[in-house]
Amino acid sequence: MLKGFKDFILRGNIIDLAVAVVIGTAFTAIVTAVVNSIINPLVALFFQADATGQFGPSVTNIYGDKVVFPLGDLISAIISFLSVALVVYFVFVLPMNTFKARVEARKGTPAEEPQEEPAAATEAELLVEIRDLLARNARS
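Only a predicted model underlies this, so the values are computations on that prediction, with no experimental measurement involved.

### Focus on the overall build of the protein
Thought 1: Along the backbone of the protein there are four helices and two strands.
Thought 2: Reading the protein from its N end, one meets helices and strands in the order α-α-β-β-α-α.
Thought 3: Put simply, the protein has 140 residues, and 8% of those count as buried.
Thought 4: Taking as baseline every contact in the protein between residues at least 6 positions apart, the subset at least 24 positions apart corresponds to 27%.
Thought 5: Working note: accessible area of the protein is about 12000 Å², and carbon and sulfur atoms make up 67% of it.

Structure below.
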């Protein structure tokens, strides 16, 4: 049981994941600052914020109170996500894939390309294969 855990920890994926989480957490502060200082003011040019700082369409409820649908928060979250995804792709994923391809080219082996899965056998082919296996086992 401990050997399996040791193999799991030393596989390398755990370290990669830990680094990604730490970098992602640190990068969140940068993205939040960009959204709060640049994106939110740009969105506020088109939507007027209410007293709570939320902006978006407002509707009067059945009690006569004003209800604001905070689309600004949604727009900010979408922009934050896209910003993080773009940076992660262009700063981490793309360079790593390029690096791996260069290493594979130096080794003289082609880079891994997705291979097509073989077509699934038909029911008749499977039955013939089972019959042949049973016949072979019966002779042994």
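Back to the text.
### Section: the pattern of salt bridges
Thought 1: Evaluation of the coordinates by the stated rule reveals one salt bridge.
Thought 2: The partner of Arg-131 in a salt bridge is Asp-132, with the nearest N and O atoms 3.2 Å apart.
Thought 3: By relative accessible area, which is 52% here, Arg-131 ends up exposed.
Thought 4: A residue is classified by how much of its surface remains accessible, and Asp-132, at 31% relative accessible area, is partly exposed.

### A look at the layout of surface pockets
Thought 1: Considering only enclosed or pocket space, the largest pocket measures out at about 380 Å³ in volume.
Thought 2: Lining the largest pocket are Asp-16, Leu-17, Val-19, Ala-20, Ile-23, Gly-24, Val-88, Phe-92, Val-93, Met-96, Asn-97 and Lys-100.
Thought 3: Counting residues per element, the ones that place at least two in the lining of the largest pocket are helix H2 (13–44) and helix H3 (71–107).
Thought 4: Grouping the amino acids of the lining of the largest pocket by side-chain chemistry returns eight nonpolar, two polar and two charged.

### Regarding the confidence of the model for the protein
Thought 1: Across the protein, pLDDT averages 75, with 77% of residues at or above 70.
Thought 2: Confidence scores differ between elements of the protein, with helix H1 (residues 2–10) showing the lowest mean pLDDT of 69 and helix H4 (residues 123–139) the highest of 84.

### Concerning a nonpolar patch on the surface
Thought 1: Side chains of Val-19, Ile-23, Leu-86, Val-88, Tyr-89, Phe-90, Val-91, Phe-92, Val-93 and Leu-94 sit close together on the surface and give an oily, nonpolar patch of about 820 Å² of accessible area.
Thought 2: Counting residues per element, the ones that place at least two in the nonpolar patch are H2 and H3.
Thought 3: Top element by residues in the nonpolar patch is H3. It accounts for eight residues.
Thought 4: By the secondary structure assignment, Phe-92 is in helix H3.
Thought 5: Its relative accessible area of 36% is what places Phe-92 among the partly exposed residues.

### Some details on H3
Thought 1: Taking 1.5 Å of rise per residue, the 37 residues of H3 would be expected to cover 54 Å, and the 52 Å separating its terminal C-alpha atoms lies within 8% of that figure.
Thought 2: In H3, a bend of some 40° at Tyr-89 exceeds every other bend along the element.
Thought 3: Residues Gly-72, Ser-76 and Ser-80 constitute the buried set of H3.
Thought 4: Phi turns positive one or two residues past the end of H3, at Gly-108, with a value near 90°.

What counts and how
- Residues numbered from 1 in each chain as written.
- Predicted model: local features only at pLDDT ≥ 70, side-chain atom pairs only at ≥ 80, totals over all residues.
- Heavy atoms only, no water.
- Helix = DSSP H or I, 4+ residues; strand = E, 2+ residues; numbered from the N terminus.
- Buried < 20%, exposed > 50% of the residue type's maximum accessible area, 1.4 Å probe, protein only.
- Contact = heavy atoms within 4.5 Å.
- Areas by Shrake-Rupley, 256 points an atom, 1.4 Å probe, with all protein chains shown as cover.
- Salt bridge = Lys/Arg side-chain N within 4 Å of Asp/Glu carboxyl O.
- 1 Å grid on protein atoms, 1.4 Å probe; cavity = no way out; pocket = protein on both sides within 12 Å on 5 of 7 lines; lining within 4 Å.
- Points joined across faces, edges and corners; volume = space filled by probe spheres on them.
- Nonpolar A, V, L, I, M, F, W, Y, C, P; charged D, E, K, R; others polar.
- pLDDT = per-residue confidence, 0-100.
- Patch = residues over 30% accessible without salt bridge, like charges linked within 9 Å, V, L, I, M, F, W, Y side chains within 5 Å.
- Expected span 1.5 Å × (residues − 1).
- Bend = angle between axes of the 7 residues up to and from the residue.

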